[in-house]
Amino acid sequence: MANQRTVAVLGPGGTGGLLAALLSRSGHRVLCLAREDTADVLRRTGITVRSAQFGEFTAPVEADTELREEVDACLITVKHTALDAALTRIPPATLGDALVVPLLNGVEHPAALRARYRADRVAPAVIRVESTRVAPGVIEHGSPFTEIDLSGDGVPRDRLDALAALLDAAGTAARTTGDETATLWAKMAFLAPFALLTTRYGLPLGEVRTRHRDELEALVAETAAVSRACGAPADPARALTRYDAFPPGAKSSMQRDAEAGRPLELDAIGGALLRAAERHGVPAPVAERLVRELRDAGH
């Protein structure tokens, strides 16, 4: 993808808006798919990014409510709770040969996407970034990094490598990984304890790792055991070291959604973890209790 490519972005929010702006700034044609009111703003104003890593800039994008032409790749960056409704904006016949690149939390969405689109074009990715949409077309990027791991069992490796190079040249630290299961579970094993505990107690990570240390250690061990049972390596001690290195004020995206009264990705994260545990006969009592308590609280 050395020349200009056309990339669709389904859901130009915190993550999608950042990637759309970076790709546009690096010379590619970007088509954002969103609701009509958001699409109208993006057509008029483009996307403005405020970032310590990338600076402040505004990039032009095209926008529509539905994909109406072939593209080289389609990044899916909506929340899991909005996925089913959002996919109606991407007709399978229109998508054709394009790579479908979901950057979603959880581990179950690739199967659903492969049932709808070409299985050998679905390339699940994970992104490590803190980025928030503060208004339509306005993105605040807070993390000093934007890292993407791109995978896809059955996807031609040259297609993955070309897309990784495209994203890397746009400013992200993007790479192709060889094992889809390991890639998805590497994020899941870190995200699930972080999301469940910070949301359940309404506390930032610094307080969770001190006031609820026993639960954190137990949940990390449970999640690592499930990850290993699914065929992905996991190191509980290393995970705890990562939690301890995070800024004490860090909040999970699930916690921020709870504070804002938005739907939670509880089923995509906690529910998926419990379903995997049940399939493999791995006990997960702490995860079960936390998911139950969050559901009982109306989430």
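## Describing the overall build of the protein
Line of reasoning, step 1. Helices and strands together make up the secondary structure of the protein, namely 13 helices and 12 strands.
Line of reasoning, step 2. Across its three principal directions, the C-alpha atoms of the protein cover 50 × 35 × 30 Å.
Line of reasoning, step 3. A total of 299 residues make up the protein; the buried ones form 54% of that total.
Line of reasoning, step 4. Of the accessible surface of the protein, which amounts to about 12,600 Å², a share of 49% is contributed by carbon and sulfur atoms.
Line of reasoning, step 5. Across the protein, the 35 positively charged side chains and the 39 negatively charged ones have centroids separated by 2 Å.

## A look at the sheet that holds strand 12 (residues 173-176)
Line of reasoning, step 1. The strand order across the open sheet built from three strands is 8-11-12, with neighbouring strands paired in mixed fashion. Unpaired on one side and paired on the other, strand 8 (125-128) and strand 12 mark the two borders of the sheet. Pairs of neighbouring strands in the sheet enclose a mean axial angle of 15 degrees, with direction left out of account.
Line of reasoning, step 2. Inspection of the sheet shows strand 11 (residues 147-150) paired to strand 12 by four bridges, in the parallel sense. When the sheet's bridge partners are listed, Asp149 is paired in strand 12 with Arg175.
Line of reasoning, step 3. Contacts from helix 6 (residues 157-169) reach strand 11 and strand 12 within the one sheet, and its direction differs from that of strand 12 by about 175 degrees.

## Quick word on the packing of helix 12 (residues 266-280) against helix 13 (residues 285-296)
Line of reasoning, step 1. At a minimum axis separation of 9 Å, helix 12 and helix 13 run at an interaxial angle of 145 degrees. Along this stretch, helix 12 crosses helix 13, giving a crossing that reads as left-handed. Here Leu266, Asp267, Gly270, Gly271, Leu273 and Leu274 of helix 12 lie close against helix 13, whose contacting residues are Ala287, Glu288, Val291, Leu294 and Arg295.
Line of reasoning, step 2. When the residues that make up the contact of helix 12 with helix 13 are grouped by side-chain class, the tally is six nonpolar, two polar and three charged.

## Re helix 5 (residues 109-116)
Line of reasoning, step 1. Within the sequence span of helix 5, burial applies to His109, Pro110 and Leu113. The arc that holds the buried residues of helix 5, viewed along the axis, is 100 degrees, so those residues lie on one side. Away from its buried face, by an angle of more than 90 degrees, helix 5 presents the exposed residues Ala111 and Ala115.
Line of reasoning, step 2. Residues of helix 5 that are buried make contact with strand 6 (73-76), helix 3 (83-86), strand 7 (99-102) and helix 7 (180-201).

## Thoughts on the sheet that holds strand 10 (residues 138-141)
Line of reasoning, step 1. Taken in spatial order, the four strands line up as 4-3-10-9 in an open sheet, and their pairing is mixed. One side of each edge strand has no neighbouring strand; the edge strands of this open sheet are strand 4 (55-59) and strand 9 (131-135). The average angle at which neighbouring strand axes cross in this sheet is 20 degrees, direction not considered.
Line of reasoning, step 2. Sitting on the sheet, helix 1 (residues 14-25) touches strand 3 (47-51), strand 4, strand 9 and strand 10, and the angle it makes with strand 4 is about 80 degrees.

## Some details on the side chain of Thr198
Line of reasoning, step 1. Checked against the element boundaries, Thr198 lands in helix 7.
Line of reasoning, step 2. Here Thr198 falls in the buried class, since its relative accessible area comes to 0%.
Line of reasoning, step 3. Side chain to side chain, Thr198 and Ser252 meet in a polar contact 2.7 Å long.
Line of reasoning, step 4. In contact with Thr198, other than residues within four places in its own chain, are Leu203, Pro204, Leu205, Val208, Ser252 and Gln255.

## Considerations on the nonpolar core
Line of reasoning, step 1. Judged by nonpolar contacts, the single largest core of 41 residues is most densely connected at Trp185 and Tyr243.
Line of reasoning, step 2. Secondary-structure elements contributing two or more residues to this core are helix 7, helix 8 (205-211), helix 9 (213-229), helix 10 (236-245), helix 12 and helix 13.
Line of reasoning, step 3. When residues in this core are grouped by element, the largest group, 11 residues, is from helix 7.
Line of reasoning, step 4. In terms of nonpolar packing, the next biggest core, distinct from the first, is built from 38 residues, Ile47, Leu75, Leu99 and Ala125 among them.

What counts as what
- Residues numbered from 1 in each chain as written.
- Predicted model: local features only at pLDDT ≥ 70, side-chain atom pairs only at ≥ 80, totals over all residues.
- Heavy atoms only, no water.
- Helix = DSSP H or I, 4+ residues; strand = E, 2+ residues; numbered from the N terminus.
- Buried < 20%, exposed > 50% of the residue type's maximum accessible area, 1.4 Å probe, protein only.
- Areas by Shrake-Rupley, 256 points an atom, 1.4 Å probe, with all protein chains shown as cover.
- Lys, Arg positive; Asp, Glu negative; His and termini not counted.
- Charge placed at Lys NZ, Arg CZ, Asp CG, Glu CD.
- Pairing = 2+ DSSP bridges.
- Axes fitted to C-alpha atoms, helices over the stretch in contact; angles between N-to-C directions.
- Contact = heavy atoms within 4.5 Å.
- Left-handed = near helix turned anticlockwise from the far one by under 90°.
- Nonpolar A, V, L, I, M, F, W, Y, C, P; charged D, E, K, R; others polar.
- Arc of directions from axis to C-beta.
- Polar contact = N/O pair within 3.5 Å; in protein donor to acceptor, adjacent residues only side chain to side chain.
- Core = buried A, V, L, I, M, F, W, Y, C linked by side-chain atoms within 4.5 Å.

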